[in-house]
Amino acid sequence: MPGGVSRLCCVFLLILWVCTPQCNARYGCCRPRYNVPQKPDPLSGLVFLEDNCVLAFRATAGIGRSAYDRYVATGTNDDSPLARSALPCGCLTVNGSLPCDRHYRSRILDDWPSSLIDTVRVTVYEDGVAQRFVEFNGMDSTYLDWFAQDNVVDSDWTDVDTDTTNFFSIFGLVQPNAPTLRRFYINRNFGGCNIDRGWLLVAEADDVCDFVPPGPYPVILYSSATTDANLNTADFRQADVLTVTVKFKDTARFSGYCIP
């Protein structure tokens, strides 16, 4: 076409990602193209349960693997896209009757943004129904030390925040020669196996006391009373799932950070 470049030429050149001065000057059809950076979603892949709480950890009873070892396995998680693709769906629920072959671990345990965390809750379930919980203040904590009596803010065990305890930790009681391997352990007193009292434990091996049933481990035991209970009585029951969930502060912001 005399005097210039045809529109057909411009369109053709655009298709080839070629922009000539003639085409751009006559038709203004060439525009710079940028790879606009997208803000990554820091919550992507996280599992949200009731009350907008994030599933940080799920211990599954009887699968023959240590819940504690998985909890502290820094750098491994089940909420990356590749890990999620191979994850049994039951592991994302609180229903122990659904298939789950592992203890679910979220990357939030590695990141642990304590300045954004409001509360952390431990809940035990039987057949998908919550039985007992303890809620903790998660501010200025680490992924290990939030589980402490001084941090308790709510529970349906009425005495767990005020009664005497001799163990209250995720690490728990480890005595290989006894043998004893009790994790997520909240206990009131010893004095002989027949008078031990407490609230919660996750047994991960054969135990010196008969109140820990034989495996497969782990065995999740909890007081079904509203207070501590004698571990040898019917008040102490087995749960099939234990969860650790995190609730963020209402003021938490997840999009206000810079992209290089």
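Given the structure is predicted, the values throughout are model-derived calculations rather than measurements.

Participant: Describe the pairing of strand β9 (residues 197–203), listing the residues and the values that go with them.
Facilitator: Within β9, 6 of the 7 residues are buried, leaving the element largely enclosed by the surrounding structure. Where β9 lies against strand β11 (residues 229–230), 2 bridges are found, and the strand directions are antiparallel. Bridging across to β11, Gly-198 finds its partner in Ala-229. By the bridge criterion, 4 bridges tie β9 to strand β10 (residues 219–223) in an arrangement that is antiparallel. Counted as the bridge partner of Val-202 is Ile-220 from β10.

Participant: Pulling in residues and values, what's your account of the environment of Gln-131?
Facilitator: Tracing the chain through its elements places Gln-131 in strand β4 (residues 129–137). Overall, Gln-131 belongs to the partly exposed group, its relative accessible area being 24%. Expressed as a C-alpha distance, the spacing of Gln-131 and Ala-239, which sit 108 residues apart in the sequence, is 8.4 Å. With residues near it in sequence (within four places) discarded, Gln-131 still touches Val-124, Tyr-125, Glu-126, Asp-156 and Tyr-222. A polar contact of 3.2 Å, which involves the side chain of Gln-131, links it to the backbone oxygen of Val-129.

Participant: Please give an account of unusual backbone geometry that cites residues and values.
Facilitator: Residue Pro-216 is bonded to the preceding Gly-215 through a cis peptide linkage, with omega at 15 degrees. Mapping Pro-216 onto the fold places it in the loop between β9 and β10. Residue Pro-218 is bonded to the preceding Tyr-217 through a cis peptide linkage, with omega at 0 degrees. One can find Pro-218 in the loop between β9 and β10. Despite not being glycine, Asn-52 has its phi angle at roughly 60 degrees, a positive value. Mapped onto the elements of the fold, Asn-52 is located in the loop between α2 (21–27) and β1 (54–60). Classification of Asn-52 as exposed rests on a relative accessible area of 54%. The backbone phi angle of Asp-140 is positive, close to 55 degrees, even though this residue is not glycine. Among the secondary structure elements, Asp-140 is positioned in the loop between β4 and β5 (152–155).

Participant: Describe the side chain of Asp-159, naming the residues involved and giving the relevant values.
Facilitator: Relative to the assigned elements, Asp-159 resides in the loop between β5 and β6 (167–169). If we skip the residues at most four places from it in the chain, Asp-159 touches Trp-199, Thr-226, Thr-227 and Asp-228.

Participant: Quick rundown of the pattern of salt bridges? Include the residues and the values.
Facilitator: A complete count under the given rule lists 12 salt bridges for this structure. Close ionic contact of Arg-102 with Asp-101 constitutes a salt bridge, the shortest N to O distance being 2.8 Å. Across the pair Arg-105 and Asp-110 runs a salt bridge, and its minimum N-O distance is 3.0 Å. Among the charged side chains, a salt-bridge network with shared partners connects Arg-70, Asp-78, Asp-101 and Arg-102.

Each value, and the rule that gives it
- Residues numbered from 1 in each chain as written.
- Predicted model: local features only at pLDDT ≥ 70, side-chain atom pairs only at ≥ 80, totals over all residues.
- Heavy atoms only, no water.
- Buried < 20%, exposed > 50% of the residue type's maximum accessible area, 1.4 Å probe, protein only.
- Helix = DSSP H or I, 4+ residues; strand = E, 2+ residues; numbered from the N terminus.
- Pairing = 2+ DSSP bridges.
- Contact = heavy atoms within 4.5 Å.
- Polar contact = N/O pair within 3.5 Å; in protein donor to acceptor, adjacent residues only side chain to side chain.
- Salt bridge = Lys/Arg side-chain N within 4 Å of Asp/Glu carboxyl O.

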